[in-house]
Structures are given as structure tokens and as C-alpha cells.
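Fold and geometry: a report
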Amino acid sequence: MACQSVAAVMDEQALLGLNPNADARYRQRAMAYFEQLKESQDAWEVCAEALAKGIYNDDHVKFFCFQVLEHQIKFRHAGLSAVQQQLIRETLMKWLQCQLMNNQPEKPFIRNKAAQVFALTFVMEYLTLWPKFFFDILSLVGLNPHGVDIYLRTLMAIDAEVVDRDILHSPEETRRNTLIKDGMREQCIPHLVESWFQILQTYQQSHPELTCQCLEVVGAYVSWIDLNLIANDRFVNLLLSQMSVEELREEACDCLFEIINKGMDPVDKTKLVESLCQVLQSAGFFNVEQEEDVDFLAKFSRLVNGMGQSLVLSWTKLAKAGNVKDAAETLQAVEAKVPLLLQLLVHEDDDISANIVGFCYEYLHVLKQLPQLTDQQKTNIEAVMLAVMKKLTYDDEYNFENEGEDEAMFVEYRKQLKMLLDRLAQVSPELLLEAVRRVFTNTMQNWQTAPFMEVEVAIRLLYMLGEALPASHGAHFSGDTAKTSALQDMMRTLVSCGVSSYQHSSVSLEFFETVVRYDKFFIVEPQHIPNVLMAFLDQRGLRHNSPKVRSRVAYLFSRFVKTLHKHMNAFIEDILTRIQDLLELAPPENGFLAMLTSDDQLFMFETAGVLIVNSECPAERKQALMRSLLLPLMDVFRLLLAKLLQETEEERQASLADCLSHAVGFASRTSKAFSNKQTVKQCGCTEVYRDCMQTFLPALSCPVQRGVLRSSVRSFLHRMIICLEEEVLPFVPAASEHMLKDCEAKDLQEFIPLISQITAKFKRQVSPFLQQVFMPLVLAIFEVLARPAEDNDQAAALEKQMLRRSYFTFIQTVTGSGMNEVMANQGAENIERVVFTIIQGAVDFPDPIAQKTCFIILSKLVELWGGKDGMVGFPDFIYKHIVPACFLAPLKPTFDLSDAQTVLTLSECSLTLKMIHLKRGPEFIQFLQQEYLPSLQVSPEISQELCQVIQQPDIKVLKNYIKAFFQRAKL
């Protein structure tokens, strides 16, 4: 009968929508029904009844019912009546009872959701309404496998709610969780531990999955319960016996790891680890080479790592406390694990090796702190070195041309090994240097016959020494003679033994990386530069058959040249001739396979620029070389621009525009070789770059692909302002006019820094131009800002915010550069319009970065125009608009005084008030006291106090007072 009544109450149509395959109409109805049940005072009770009586067989409906229950417990528990709270408890216990009698367990996702609901109920009620929570559950489930499964899942869910440190809790939840743990320790933990022991013992043969679940529970709880309950002979022997059962051993390993990891007294920790090690060793677990199961060995390696790190931590504490005897015993225990550490570190499986790196690193750190090393410790260090060198080696399966997940994991693992190598260098730099030298020399003697991985790792080790044995600014070849002569010998061997011809991309890359890391070697022995230059320029480097090698070498070559250009004068024109074809602009035709990508070519153009600019030839020759470098770019630019203007197909337009953009970028990059204008003039290159400007500027008026073209030409202008200085000025008005036509927010935002750069650099020289461009630029900004946008278009809103900031920054640059006339000559109406936007920016937009800029501008305008001989009518404007802005902005609800950026805005606001007082004197104080502050209902006492603070000289006092003033006002 009850079954019927519930069925009638529940919305069967809505329940159909719970099926993932249901159509959208049903799914929407199910969602609406879920919301209705969640929010109703008692409608959710039908779900409780459905669960308690097992009315529905559909898994999605069962899950749905638990979700509704979960919502009530999580968000509405306090508002439920005692009867309703009792109903939840009864529902859960009845549902659990049903599980004991079912032949088949529920699906895992339902069991997990049920465990979650049990856990939430426990958290809400254990301390008050349901102290016998565990007693009731254990009494009901006994050793029934289905019941035990729910019990263990519930314990893990409780751990997630109460203990898991990865989950953020509010202070209130943290206090509650502490009380729950205290209550559990007092009342039920021993019973729970006993239940775990029974489960582990009972089910290890018949239900290994339950045993694994139970081991996970023990591992989770051991961190906060009394360790003696677990770390005793009975329990540990059981765990150790499970280390020998194939289905259980990995979980047993993890469980032992958690036991070892528990914080405790260092002497006790050493005893615990040692007793565990003894048992593991006598059971044969230390015979790593006889174990074939790599998954288990990875877990075992993690366990050994945990034991090793625990011992190191104990040693550190004991040594710090001056406990010499116990510290010595602990160190002995650490040393005893080193043979096992080495076996695991050198294991062919990288996961097993990676899991022990932590212990190895800490062990080396211990050795670093010892006053003197024993022979055995030195032997250990050498063994670690050999292991690291062996493990750094690539294996045959590594795919260099198409690196996937396995390759990425090996690269990460290599980084861990590098940490070990760096630590080895700190412990014993001499031993490391000697070991690397031995490996390197032996390999280089036989590189022609050695496999690529051995050759690569030998060069790699030399490369890694550069970081492991640090030197100030890469000065590896001066100072300590033992080190410098060893490095010099190895570098000499590297560049003269012919290994640069080895036919494998990994060796080629490592060769060039190492040459550039030790580029200072060639200052000491410049005779090797020609050979290395040839390697860079031929099929070993820039013309290698691997695009990856060519790309990296382009970058490395630019670094090599930047360091050593002084030693290359004899070869400059030869180099430029050899790289000429690599500097050609790739045509926009599809399917054309260029030797280098456009990004790589940027480095090549920069390199060519560096070589020309720093050569010792006369200015006329430099000019000729630079012209021959840039002329092909100009020619192809004119050609492609003409093509673009006639092209109608959009995809073709885009590839032409990209090509044009690359040409401008390459020309721009050559200018990086100049440090300032003097160098451009000295080299006689001014005219060449002027020609480039004349060639590139017409692209600004191109009606298609404007974004790409404008962006590249704008970047070129930025460079030319630095390199050509006033020579660039004749080009600026026309460029500006084109860039202000039909522009978007992003165009303006990128154009403003260009104008600001010109303003800041040339000041008075550009005053006429600025007066001319000021209003067109401002009006273009106003027009873009006034365009309507969708309410929820966040991208457009952000673009406008950034444009607004750029606009205010521009006004700040103009007012701050001493060119009063630029704004003053715009006519009264325009000035008023602009200044009103500054007032608006200071008050109306909740953007503290922009507001701060606006107050800086207002302060500057008061300084320029607010005095006795200032602009007519401006003092009136100060009182009507600027003073109110200083009070209305901080009083806005959006003005958050706990935000650091907003506090900086308030500081500028204080400085504005100070500037008004400086310019208007007692008149301003009178205005505040008699007119403005009374209009804000500020009491006469506070009003007087504020005016006194404004009049005193210390600005810091004013800033602090203003902050307190507005904090009080907002209460």
C-alpha cells in the first residue's frame, strides 16, 4: 500500500528525465523536480521512503533520491524537525539493512553517494544526536561483505569531510572537525581499529577488494589516531603477511608508508623504521633484482623512500638537539639503507627509480653537513653519480621526432636527476668533475662507434656541470685552476674531436647547447671559432635535416654571435653570404617548405644585424651591408602589398598579410643590434631605416587585414623612435592619421602607448603635432567607448576597461610632460569635455587602477591651472567638481579600503586635496568648513580636524587620516 502512495506522490514523468539518454524536455522536467524537492519543507520525505523501502530499481532514481537527501543534510539540517532528522537516520539504516539481504551489491556510484550521505549525517549529528553512529553501523553489518563495503566507503567519505588537508575548510568547520576527531579518539577509535583487524583477517582470501579498501582506510586514519593501536606486533605482522599476497601487496605497501609517515618522536621513529626494515629484509623484500612485478616495486620504492626520509628527519632533529648518541645510531640506520636505495635508483623502470629520488637527495644533504666523509660515504657518492649518469641515458624507444606522454615523463624524470647531480656537486665537486671527465673522455675517444645515447649523455653531463658548478656570469674559465683546466680540456675535446658530425638529432642539439653554454671558452681559445662557425652554418646546424635542430640552432647561433662577435671580424661577410638564403621571406604559397620558420628567421636577422653593426669595417661598408640585408625585404613588401590590395579571397589575403607582417618584423629585429641613435648614425644606417619607414607606412591605409598590418607597423615605429629619434618625427603625423581611421578598441589601446612614447621622449619638439592630434585621438576613444555592447559580453567590457585605462594614461603623460599648451589650446568646450571624463573616471568607474591615474591627472591640472595666474574659470571648476570627486569616490560602496590598489588610489586622492590647498590656500579651507563638508553632514568637530590635517606639512599624516576618515564614514 505504501508503495502505491509513494508512487502516486513522486512525479514519474520527471523521473524518466533522469536517464542520460532521455530527451531534453524530460531532462529539464527532472531538473525542475529536483529543485522542487530540494527546496520543499517535506516533499523530500518521499525520497527517503523510496530508499528505505527499495521501491525503485532504476539506478538513476536511487542516485537522485540520495542527492535530494544529501541536499537536506548539507544545507537544511538545522531547520529540520527532530522527527525529520530521525527519519533520515532511520532511512539510512533501513537502506543499509536492505544491502545486507541483496544478492547483488549496488553499482559503485550509488554506494559512493550513499557513503557520502552517511558521512554528512555523521558530521552533522555525531557530537549531538548520534554518538553511537559507528556502534549502530557495526552492530548491523557485522561481517557481511556488502555491509562492510558500505562501512569502509563511509569511513573514507568521513576522512574526506573531516581530515583531508587538501580540502579547504572554514574556521568554524575546522573547529567542528577537531571536536569530532577528539570525540572519536575518546569513544570509538579502538573499536574501529579492532573492526579493521577483523576485516583484514577475515577477507584477505575471499574478498581481496574489501581487504584493499580496508588497508586504504587504515592508511588514511593512521595520521591522526594513536599509532600504538596500529604499530604493534599483531597488526604489523598481519600487514606484512599481506605484503606477500599478490592482490593485496600494493595496498599493504601504501598502508605501511602512511604508518611510517606519521609524525612522532625521532628516537621512536627510528626504532619503528628499523623494526619494520628488519622484518622486510628477513622476508626477502630487499632482494629487488628477483622481483618482476614493477607496479609493486614502484610502491615498495615509495615505501623505502618514506622510511629513508623519516630517518633523515629524525637524524636532523637529533643532531640539532645535540643528542650525539641517538643521532649517530640514526645515521647508521640511514647508511644501512643506501645499498637498497642504489638498487632502486638504478632500476631500469623509471617510475621505481623516480620514487626513491627524494631519499637520495636528502641523504646527499646529510653528507653535505658532515665535517668529513668516510671512505664508505665517498664510495656511496660515486655510486649515486654512476647511477644518475646511467639513468640520464635515453632508451631505444624514445621518439625524438614525435614526443608524446612517455617522452614528456622522461624529460620530467631527467629534471629530478639533474637535482641529484646539482646536490652531488655541492657535496663533492671534485668527485663529480672527475667522474664526468672520465665518462666524457672515454666516450669522445670512441664516439664514431658508440650508440647515440651514450654520446648524448656524455655531452649532456658536460653541459650540466655548467649549472652544477656555478660561476658568476658564466666565467667558468677563470679562477679555480682544477675546475677551469678540466672544463677547458673537455671543451677542447668537444669542438675538435669531430663529434659535431654525429648523425643523431639529440647529439647535434646537445653539442650546440653545450658550445653556447660555455661560449666564454672561445674567448680563451679563439682558434676554435672557425670550426664551430662552420658547424653552425652547415648540415650539422642550420641546414640539419631535422626542423627541430634547425630551429634551436637559429636561436643558439644568435647567442653565440652576440657573445663572440668581436672575434668574428674576419668572417662576417662570409657568414652573411652563407646565410643569405635563410634570410629570404617565405612566399605565401601553400606547401612551400622553408628551412626555417618565421620565428627562427627573426633570430637570423638579429644575428645579421649584430654582425654588421659590430664589424670593424668603415661606415660606408656597414651601410652597404645593411642595405643589402633590408632591400630584399622592402622589394618583396611593395610587391606583396600591391597583390594584397587586389586579392579578394579572404584566406589568401590573410597569408599575404602574414607575409607582410613578417617582413616588417624582420626589419625591426635588425635594429636590435643598435644600442642608441649614435650607433645608427655612426654606421650610416639612418637612410636605410628611413627607406624602410617609407616602404612600410602605406600598409596602414590598406583596407583589408588592418589588424595584422597595423600591429606590425606600429611595433616598427616603436623601434624607430628609439633608434632614429627625431628622424622619425616627419613620419608620425601621417601614420597617426591612418591609425585613427576606422579603429577598434584594441587598435586605439595599442596606438596610445606609441603616442605616449613620442610625448615622453620628444616633449616640446612634438607639441605642435600633439595639439593637432589630441582631439582626434580623444574623440576616436570617446566614439569607441560609446558603442553599445551586449550586457554579458565580458570580452568587450574588458576591452573597454583597458581602453579607458590607456586613455587616462595618455592624458597623464600629456599633463605630466610639462606641455601645458597641448590641452590648454584645445578650446574651452573641449577642455571641459576632457576634464569631465577625468572626474567621471575618478568617481564613477569601480576600477582602482584607472581611478588612481585620474587623481594624479586632477592633481597635476590643479597645479598647472589652479593658481592665481591659472586658467580662467578653473578655480570654480575645482570647487564644483574636483573637491566633490575627492569625497564621492571613496564613499562609493565599490571603493574597497581593504584592497591594496584602492588604498593607493586614496593616497592620490589625498595628494589632490593637498595640491588644492597649496594653490588656493585659506579660501579652500573656508569652502570645506562652511559649504562642502556641512553638505555631507560632517560634524563641525570632524570638519575642523580634517582641515587642520590638510594644513599641516606631513603628507603621511594626511594619508593616514583620510583613510581613517572614510573608514569611519562607511561604518
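Residues numbered from 1 in each chain as written. Predicted model: local features only at pLDDT ≥ 70, side-chain atom pairs only at ≥ 80, totals over all residues. Heavy atoms only, no water.

Next up on the list: the overall build of the protein. Helix and strand content of the protein: 47 helices and 0 strands. For the protein, whose C-alpha radius of gyration is 38 Å, the value lies well above the compact-globule estimate of 30 Å for 971 residues. With respect to the three principal axes, the spread of C-alpha positions in the protein is 95 × 90 × 65 Å. A burial count over the protein gives 51% of its 971 residues as buried. Sequence separation of at least 24 residues holds for 73% of the intrachain contacts in the protein that already meet a minimum separation of 6. (Helix = DSSP H or I, 4+ residues; strand = E, 2+ residues; numbered from the N terminus. Rg over C-alpha atoms; globule rule 2.2 N^0.38 Å. Buried < 20%, exposed > 50% of the residue type's maximum accessible area, 1.4 Å probe, protein only. Contact = heavy atoms within 4.5 Å.)

Our focus in this paragraph is unusual backbone geometry. For residues that are not glycine, phi is negative in most cases, and the peptide bond is trans in most cases. At Lys-763, a residue that is not glycine, the phi angle is positive and equals roughly 40°. Summarising the element assignment, Lys-763 is placed in the loop between α37 (745-762) and α38 (767-786). Notably, Gln-937 is not glycine yet its phi reads approximately 60°, a positive angle. Residue placement: Gln-937 occurs in the loop between α45 (922-935) and α46 (940-951).

On to helix α27 (residues 529-537). Of the residues making up α27, those classed as buried are Ile-529, Val-532, Leu-533, Ala-535, Phe-536 and Leu-537. In this structure, the buried side of α27 is in contact with α24 (481-496), α25 (505-517), α26 (521-524), α28 (547-564) and α29 (572-578).

For the rest of this paragraph, the subject is a negative patch on the surface. There is a patch of like negative charges on the surface, built from Glu-790, Asp-791, Asp-793 and Glu-799. Structurally, the position occupied by Asp-793 is in the loop between α38 and α39 (794-816). You can call Asp-793 partly exposed: its relative accessible area is 31%. (Patch = residues over 30% accessible without salt bridge, like charges linked within 9 Å, V, L, I, M, F, W, Y side chains within 5 Å. Areas by Shrake-Rupley, 256 points an atom, 1.4 Å probe, with all protein chains shown as cover. Salt bridge = Lys/Arg side-chain N within 4 Å of Asp/Glu carboxyl O. Lys, Arg positive; Asp, Glu negative; His and termini not counted. Charge placed at Lys NZ, Arg CZ, Asp CG, Glu CD.)

Within this structure, the stated rule accounts for 50 aromatic pairs. Plain terms: the ring middles of Phe-133 and Phe-134 are 5.1 Å apart, the flat faces sit at 90° to each other, and that makes the pair edge-to-face. Residue class for Phe-133 comes out buried when judged on its relative accessible area of 1%. On the numbers, 5.2 Å between centres and 70° between planes, the contact of Tyr-555 with Phe-603 is edge-to-face. In this pair, Tyr-555 sits in helix α28 while Phe-603 sits in helix α30 (residues 598-613), placing the two residues 48 residues apart along the sequence. When its relative accessible area of 25% is taken as the criterion, Tyr-555 is described as partly exposed. With a relative accessible area of 22%, Phe-603 lands in the partly exposed category. Here Arg-302 stacks its cationic end above the ring of Phe-257, 3.8 Å away from the centre of that ring. Positioned above the aromatic ring of Phe-845, the side-chain terminus of Arg-804 is 3.9 Å from the ring centre. (Phe/Tyr/Trp six-rings, centres within 6.5 Å; stacked < 30°, edge-to-face > 60°. Lys NZ or Arg CZ within 6 Å of the ring centre and 35° of its normal.)

The next thing to look at is the confidence of the model for the protein. The share of residues in the protein with pLDDT of 70 or more is 98%, and the mean pLDDT across the chain is 90. Low pLDDT, under 50, characterises residues 1-8; the stretch is placed with 8 contacts to residues that sit more than four places away or in other chains. (pLDDT = per-residue confidence, 0-100.)

Residue placement: Asp-519 occurs in the loop between α25 and α26. The buried charged residue Asp-519 lacks any salt bridge partner; its closest oppositely charged side chain belongs to Lys-520, at an N-O distance of 4.3 Å.

This part takes up the environment of Arg-787. Take Arg-787: it is sitting in the loop between α38 and α39. Arg-787 sits 42 residues away from Ala-745 along the chain, and the two C-alpha atoms are 10.0 Å apart. Setting aside anything within four residues of it in sequence, one finds Arg-787 in contact with Cys-743, Glu-744 and Lys-800.

Bringing the side chain of Glu-70 into the picture now. Mapping Glu-70 onto the fold places it in helix α5 (residues 59-76). Non-local contacts of Glu-70, meaning those with residues more than four positions away in its chain, are made with Lys-113, Gln-116, Val-117 and Leu-120.

Before going further, it helps to examine the nonpolar core. Ranked by internal contacts, the top residues of the largest apolar core, which has 343 residues, are Met-184, Trp-196, Phe-300 and Phe-887. Residues within four places of Phe-887 in sequence aside, it is in contact with Leu-913, Leu-928, Tyr-932, Leu-933, Leu-936, Leu-946, Phe-965 and Phe-966. (Core = buried A, V, L, I, M, F, W, Y, C linked by side-chain atoms within 4.5 Å.)

Turning next to the packing of helix α44 (residues 900-920) against α45. For the pair α44 and α45, the least separation of the axes is 6 Å and the interaxial angle reads 125°. Classed by the angle they form, the pair α44 and α45 counts as oblique. Within the contact between the two elements, α44 uses Leu-913, Ile-916, His-917 and Arg-920 and α45 uses Pro-922, Glu-923, Phe-924 and Ile-925. The class makeup of the residues in the contact of α44 with α45 is 5 nonpolar, 1 polar and 2 charged. (Axes fitted to C-alpha atoms, helices over the stretch in contact; angles between N-to-C directions. Parallel < 35°, antiparallel > 145°, perpendicular 65-115°, else oblique. Nonpolar A, V, L, I, M, F, W, Y, C, P; charged D, E, K, R; others polar.)

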